[in-house]
Amino acid sequence: FASPMSGEALPSEAPAQEEKEGEMQDQGPPVLKNLCILPPLQKAGTLERNEVIDRVPLPPIRSEEPVSSIRAALADVCGYSHLTNYRFELQKPLDSSVAGNQGDLPIVSPYTGVNAVVSIPVALQSLDDEQQSKDHSLVLDDYGDLSSLMEGGLQDGSAFRIVLERYDAAQIRDHVTRTRSLIAGNAPAVVSLDDVSDDKGIPAEPENTEPADEKAIVENKDKDGQPKDKNEEKKEEKMKLPTYPNVGSTIVNSKDLKNFYYHACGENPDLYLGDVPKQATKFENGSKKKKGKKGKGQAQNGTEKEDTDEDDQVEQEMRELIPKLNQLEEKTKLDCSIRFSAFHPPPRSRKMLGDLAYLEVKPPGESKSIHITAIPTGFYVNKSTDAKFDPSPAAKACFSHELLDCLLQASSSFFTAWKSALEASKTRSKLMARLNADGHFACLFRVAIRGDFDGYTKPSIASADEGIDALVHSPSWMVPMSKAALESEDSWNKNGMHSANYAKTEDDLANTFGVDFRNGNSRDWNEELQMAREMPDSSLVERVDRARVINKVLSDFGEASLMGIKAISDGQIAPMNPNEPSRSQVFLHNNIFFSRAIDAGIETFKIAKGDKAARKSASRDIHCLGALHRMEKDGLYTLATVLIDYLGTRFVCQSILPGILNGEKSHSLLYGSVEAGLPLSWDKDMHELLEETMGKMWIANRPLPREPLTDERMAAIKEAKSASPLPGMSSEEEKKEEPADPTVDMCTPIEAKGIKGSDERKYVLDMTRLTPRDANWVEKEKGGTGNWGAIQSSSPNKKSGVIPTSLDDDEWTLAVLRPELVNSYSQFLIGTYAREKKAKRDAEEKAKETAESSEKDEKSGEEAGAKDEAEKDNKEATKESPDAKEEKDLPSINDDDLDYIKSLRLNVNIFLPDIKSLEGIDDEAFAQQKKDEEVVRDVSNFLWERVLPGITSQMRTATGQQPPHDGKSLTDFLHQNGVNCRYLGRLADMAQAEEKKDAEELELAKKGMTTGMARNSMPECWLELLECEMVARAAKHVLDRYLTMNGGIAASHPAQTVASFLSAIVSSGEESAAQTENRAAKQNENEPDEEDYSALTLYDAGAIDDGTMPIRGRTGIWNDIEEEIGRRFRYSLTIFNRPAKANRTIYIPLLRRVCQKAGVRLAAKSYETGSKCYCGGGQNLAPSYPISPLDVVDIVPLMKHSAAHSGGFTPCAPGNPSSLPALHISLPDARQTLESAHVHHSGKALSRALELAQEACALYQRVAESSTHPGVVRCLDLMASILFEAGEHGLAAANQARSLGLLVQVNGFDSPDAINVHLLLFQMLFTGGKNYEAIKHMRAAIFLMELMGGPSHMEIVNAYHKLGSVYQTAKEPQLALRFFQEAASRKSSDRLLESMISKSLAAVLSQVGDFKGALEEEKKANNVFTKLLGKDHQLTKQSDQQLQLFAAAAVQQGNKAVKDIKSLEEEAVADAIASELEAEEAAEEARQKKRNNGKKKKKGRK
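Predicted model only: the values in this text are computed from it and were never measured.

Asks: Help me out: how do you make sense of the pattern of salt bridges in this one?
Replies: A pair can form between side chains of opposite charge whenever their charged atoms are brought close. Within this structure, the stated rule accounts for 71 salt bridges. We note a salt bridge from Asp-556 to Arg-523, for which the minimum N-O separation is 3.1 Å. Of this pair, Asp-556 sits in helix H18 (residues 540-569) while Arg-523 is found in the loop between helix H16 (502-509) and helix H17 (525-533), placing the two residues 33 residues apart along the sequence. With its nearest N and O atoms 2.9 Å apart, the salt bridge here joins Arg-1127 to Asp-809. With Arg-1127 in helix H34 (residues 1114-1129) and Asp-809 in the loop between helix H22 (787-794) and helix H23 (819-855), the pair connects residues that are 318 residues apart, well separated along the chain. Residue Arg-1127 is classed as buried on the basis of its relative accessible area of 11%. Bridged by salt links that share partners, the residues Arg-615, Asp-645, Arg-650, Lys-1036 and Asp-1040 form one connected network.

Here you go:
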């Protein structure tokens, strides 16, 4: 189950790379052929085999191929995979007439024994003076490529000789790690590198999905459209669609979290797990019902059955192959432990003899351990036992340069197990090749479900971290539970999912938490980053190299920060200031500075106060640093920064500013202030640099008081300093000379700091905002808009006790406007200004022309002709250049225009608390500040009065882009429109008003008091989604508070707290004691009870109960959540935690979103949501319900990277480098190329658009060094759209499927973007005639939509209607009826769609003979058509005709039914009479028998 991405190149990579490489050089590097690798060098005269036979052929490679890639490829070859310490030496070409080995290499390598040459490493040879003159030109440089050997004789047919080298102690450890990896299931399966696809199981490109030249196909489509005709031929074939044996399987069940991965991929779990009869699993077209018909139909049936068997065998094949793969997977794992012996390390006496390490190996099935000595030349079996130390060679030493070969000679059981593992690995690679041919997405699905099948004997082998977690970058909130683990003894406590592993024990004890001590000093992250940014970028090659290095450094920094936070949380790293309180402690690890995002004290210069404000400030700072990172302004530097939330605590991780730790003399403050109470520093060069940068972000340059803090704040600071016992904090400070100017010009936030480091670079820090504070969240008395106050005073709902009456909150000091809003407002003003200027110019020109015409003299014919010619040329030029016409129409830009644009810049230092007023200091600046405040109020009102109602209207009318699917897409949607998430409450209020309006209109329509009807109503899912996101965000903050209270006691064992918290939010009430006892009494005997839970651990041993428990009941939890919602969103819930609206509460989407926001991972099982809960807690571990502590699998950190591709926190798995968030690619060429491709696509230049999309895809891959990047996904999406528009539906679906596979790897199975891709794939596959796969993707989209947005998701109705239409077209009326009925049962916001569903239902009901039902549905449709479209519309007229037909058919059917009923009644009467006669006859016979029996008894007495 290797990664499905291995070895498969994307279609865009080759052509785009070749074109880009053409810019580097006129002729590409030479391609070398017939190269090979020879076995390790042997001593002269000791060669026992023909080494030419055992050579490893190499495929044709370029001379620029890195040597490291050849070593990596050799690590997968049988007989060579266990080699770790060797070098390559170039040899002359070999005799190619000798055939190579065909896979019959010995199990024990004949080239690593006592006759092998073990050389001194070349690097060590340079220490010898006599060896310095020795030529090493034929030795391959492991850090270089092959081009350096071209002058040394490298040519076609050359050979690379393996030369073994001596070990040192560190290399011994590396070799042991490699050997452990091989026996842990990674046995090699490759024999030759010349044809990897046949041996490694790497999927080859499917036929007819990747042509030799996609561009040519697009060009053909542009000319004659031939591909379209082929697809039309496919459409004529009869559809083959899945059938469902029961009604329940027809409808997608979003609550079935146990089968989460099946539904997320559109699969039916019953086909894989259930005992389904073969007939029930067939994908038919209903032909079985027509079996008795004529021969023509029977012939069609036979053909279709053959085709459907090909579709159906996909599931059948997987049911057979996955258990086999599981068995093979277990066979490749040797039950053998290799660990360092208890006698390790060697004593000094043995070190003097060359001993490096002692190992203890317990072979499979043996009770006696093998003790091994490691020396510089290899390994041998020694005489030691468990009780006696004797490292000298045993009688059978079994020496080998490789540990694996030594063990193969020393243990027959190990030899047998390894031989079996090799065979199993080869068989596994062949089976994987068959399965991987279906593509990346199918591979990910199979890896996710493999634990559900037989084949494992140990539950720990099927654990999730060895499966899907290794492939998907973002850890899923649902963790698959293996069948073996669930069926093991005491499976409820999950102890069987963990097994003894000495290797993991040693790795954990030797963990350096990201620091590689063997590389010398810790990495200087800042120097690496700044040097990467300063790399040359004059050519494309240089820009690609620069972007690649930046991406690599920032990725490594994120990984190192993650490991550092994990170490700090575990107490592995001591703080730099251990004598201070924990909230003030900072950490330095791996040259990364770690601190908690909490209020550091009053002495630090800052505006916002309190822990909540500090937490928000850190998030704002990293957002602004990300904007500066993308601008890449020369001369202005930023530090590498990430935020990590873990177990309720937010950490700030930064690279170290040069000189900051070496005292004040090593760095200098140029801009701003660090310590509260000191005046602002200012530097002209720094100011000019910042002004040029900030001006592009609409930030104005404004005067500020040089000593900005108010007297009250200064007095509080002075008092705090005088009371502080810390040195350097006394109130007696040396006062600097006050400058003459009391103000200073600043173009940054007042908290920002410009520092010149010891490296002479200028850094900017604490960039807490790039836009002004939102005036809507400022008290009206302090200059705010007063919009919230007006709403609260006018709305009774706003008088709820959970909503504060005041906006005076420290956290709202950091409530700033979105940059998107500022851009939108600025463009709005510029557009208005340009139109007014143009109108003024036109009026002036018209007046001027009128004046000139009156005074104009008659000109000569020659001049008139010249003028006509000039006008003609001008018209032609205008016709050829539309852009020139647009430029002509626009007013010319002059200095006044530039001044106006500059005047739109905003002051980011207004509405700030504790800042001195400029009144009396600089009256002109004070007046300007008042104007700035008015401008910001205008922007805030623009948001309140135009943007928010516009969003509400957009959701009601279903215009614009696709609606949000979940909280993440909702957040992105609001941010794109310039709206912060704190306005969720306001949007919810507006949604409620719209719903109330719809209810009133519906009531009037029922009473017949209205004739018209609006097409769209407010979708219910909008309010549900808004409240769900508010609850999830508030719940995240409340849970963080629970985890950190009482000194973070709950974070040490968070399962109980988290499980009780989640149980409370997905329930409708809390159980009483009697209800809890009744539920426990109904449990199965195998389910654990309260005593079993309390016996799992000593929950509170030694604890002191101070009366404040972090675990509360459901009422307390919801009170805290509602209070947080009222404070944060100024809203009172109307759906969640409201019994009257329980039917609209979306519990599963809420559970999913809270888990994602908090980093919680749950076991994949179905939870009883919406019922009553039990929140366990107290003195012992308790089984909370419906989510128990054992259902909480893990809590992972959440990372927000300053250089991330998208904003927000992303869950990350420590120790997995690929789980980090995707980073922004610092390559403008890639972005510009992709944008150009979109432009050409819009202009129908498909060939050029496809070419540019391929180039952009290649650039993204080259920088990211991986195809799993959102940029690559976007390129593939565009390529699929281009090919689909060109008529190449198969190619389009293939590229879209690759996009889906990469998207799932990056974001997981249930990302919002996955829904859109599934819907696109449905359209492409259905158009291409692949109906079987198309239906799967539609069902996957339905499941994900309901999982994320609830059953009221506005697109679900349309999706079910599409499915019904597909089955109706395929002449499957019964299944079509089910889908149409499901669509009709759900409320839609589009009344026209509801009428179309009713019309479709009428058509299907008529097909099944229910004309009365068809008539009723057609009446519904006709009523809507009449009100929406009018009586004269074509749809209304068609509906009228259908009504007449259905009415006639219903009457005819009714008359027939009356006759049938009358006939049946007569038959029933006759049957009743006959039954009575029969009963009387039977009774008479019984009486006769009784009389006869009586006579016989009398005779007997006589």
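Asks: How should the packing of helix H28 (residues 967-976) against helix H30 (residues 1020-1052) be read in this particular structure?
Replies: Contact geometry of H28 with H30 gives a least axis separation of 10 Å together with a crossing angle of 100°. As the angle between them shows, H28 and H30 are arranged roughly perpendicular. Residue-level inspection shows Gly-967, Leu-970, Thr-971 and Phe-973 of H28 in contact with H30, the latter providing Trp-1022, Leu-1025, Leu-1026, Glu-1029 and Arg-1033.

Asks: Just to check I follow, could you spell out the nonpolar core for this structure?
Replies: Trp-1022, Phe-1061, Leu-1062, Ile-1065, Ile-1121, Leu-1162 and Phe-1309 are the most contacted members of the largest nonpolar core, which has 230 residues in total. Among the elements that line this core, the one with the most residues is H30, at 17 residues. Leu-680, Leu-690, Ala-752 and Ile-915 belong to the second-largest nonpolar core, a separate cluster that totals 29 residues.

Asks: For this particular structure, what's the right way to read a negative patch on the surface?
Replies: Taken together, the side chains of Asp-490, Asp-1089, Glu-1090, Glu-1091 and Asp-1092 make up a negatively charged region of the molecular surface. Along the chain, Asp-1092 turns up in helix H33 (residues 1090-1094). Taking the relative accessible area as the measure of exposure, Asp-1092 reaches 31% and is therefore partly exposed.

Asks: Just to check I follow, could you spell out the pairing of strand E7 (residues 159-165) for this structure?
Replies: Within a regular beta strand, the side chains point alternately toward one face of the sheet and then the other, so they alternate between its two faces. Judged by how many residues are buried, E7 sits mostly within the fold: seven of seven residues are covered. The two faces of E7 match: Ala-159, Arg-161, Val-163 and Glu-165 on one face and Phe-160, Ile-162 and Leu-164 on the other face are all buried. In this sheet, E7 lies alongside strand E5 (residues 86-91) in antiparallel orientation, the contact comprising six bridges. When the bridges of E7 are listed, Gln-91 appears paired with Ala-159. Strand direction decides the pairing type here: strand E6 (residues 118-119) and E7, joined by two bridges, are parallel. When the bridges of E7 are listed, Val-118 appears paired with Leu-164.

Asks: Would you explain helix H42 (residues 1356-1369) in this entry?
Replies: An α-helix turns once per 3.6 residues; consequently, residues spaced three or four apart project the same way. For H42, which comprises 14 residues, the first-to-last C-alpha distance of 20 Å matches the rise-based estimate of 20 Å (1.5 Å per residue) to within 8%. Taken together, the buried positions of H42 are occupied by Ile-1356, Val-1357, Ala-1359, Tyr-1360, His-1361, Leu-1363, Gly-1364, Val-1366 and Tyr-1367. Considering only its buried residues, H42 is in contact with helix H40 (1312-1327), helix H41 (1331-1349), helix H43 (1373-1385) and helix H44 (1391-1407). Positive phi shows up at Lys-1371, right after H42, with a value of about 60°.

Asks: I keep staring at the packing of aromatic side chains and nothing clicks. Help me out?
Replies: In this description, an aromatic ring pair is defined by two values, namely the gap between the centres and the angle between the planes. Applying the stated criterion across every chain yields a total of 28 aromatic pairs. Between Phe-260 and Trp-477, the aromatic rings sit 6.2 Å apart at their centres with planes inclined by 75°, giving edge-to-face as the arrangement. With a gap of 217 residues between them, Phe-260 in helix H8 (residues 260-264) and Trp-477 in the loop between helix H14 (440-449) and strand E12 (478-479) connect regions that are remote in the sequence. Note on accessibility: Phe-260 and Trp-477 belong to one class, buried. Taking the centre distance of 6.4 Å and the plane angle of 90° together, the rings of Phe-973 and Trp-1022 count as edge-to-face. Here the residue Phe-973 occupies a position in helix H28, and Trp-1022 occupies one in helix H30, the gap between them amounting to 49 residues. For Trp-1022, a relative accessible area of 1% gives the class buried. Here the aromatic cluster, defined as three or more aromatic residues joined through ring pairs, consists of Phe-260, Tyr-261, Phe-441, Trp-477, Phe-1309 and Phe-1343. Arg-339 extends its terminal NZ or CZ atom over the ring of Tyr-502, reaching a point 4.0 Å from the ring centre. The ring of Tyr-637 has Arg-761 lying over it, and the distance from NZ or CZ to the ring centre is 5.6 Å.

Parameters and conventions
Residues numbered from 1 in each chain as written. Predicted model: local features only at pLDDT ≥ 70, side-chain atom pairs only at ≥ 80, totals over all residues. Heavy atoms only, no water. Salt bridge = Lys/Arg side-chain N within 4 Å of Asp/Glu carboxyl O. Helix = DSSP H or I, 4+ residues; strand = E, 2+ residues; numbered from the N terminus. Buried < 20%, exposed > 50% of the residue type's maximum accessible area, 1.4 Å probe, protein only. Axes fitted to C-alpha atoms, helices over the stretch in contact; angles between N-to-C directions. Parallel < 35°, antiparallel > 145°, perpendicular 65-115°, else oblique. Contact = heavy atoms within 4.5 Å. Core = buried A, V, L, I, M, F, W, Y, C linked by side-chain atoms within 4.5 Å. Patch = residues over 30% accessible without salt bridge, like charges linked within 9 Å, V, L, I, M, F, W, Y side chains within 5 Å. Areas by Shrake-Rupley, 256 points an atom, 1.4 Å probe, with all protein chains shown as cover. Lys, Arg positive; Asp, Glu negative; His and termini not counted. Charge placed at Lys NZ, Arg CZ, Asp CG, Glu CD. Pairing = 2+ DSSP bridges. Expected span 1.5 Å × (residues − 1). Phe/Tyr/Trp six-rings, centres within 6.5 Å; stacked < 30°, edge-to-face > 60°. Lys NZ or Arg CZ within 6 Å of the ring centre and 35° of its normal.

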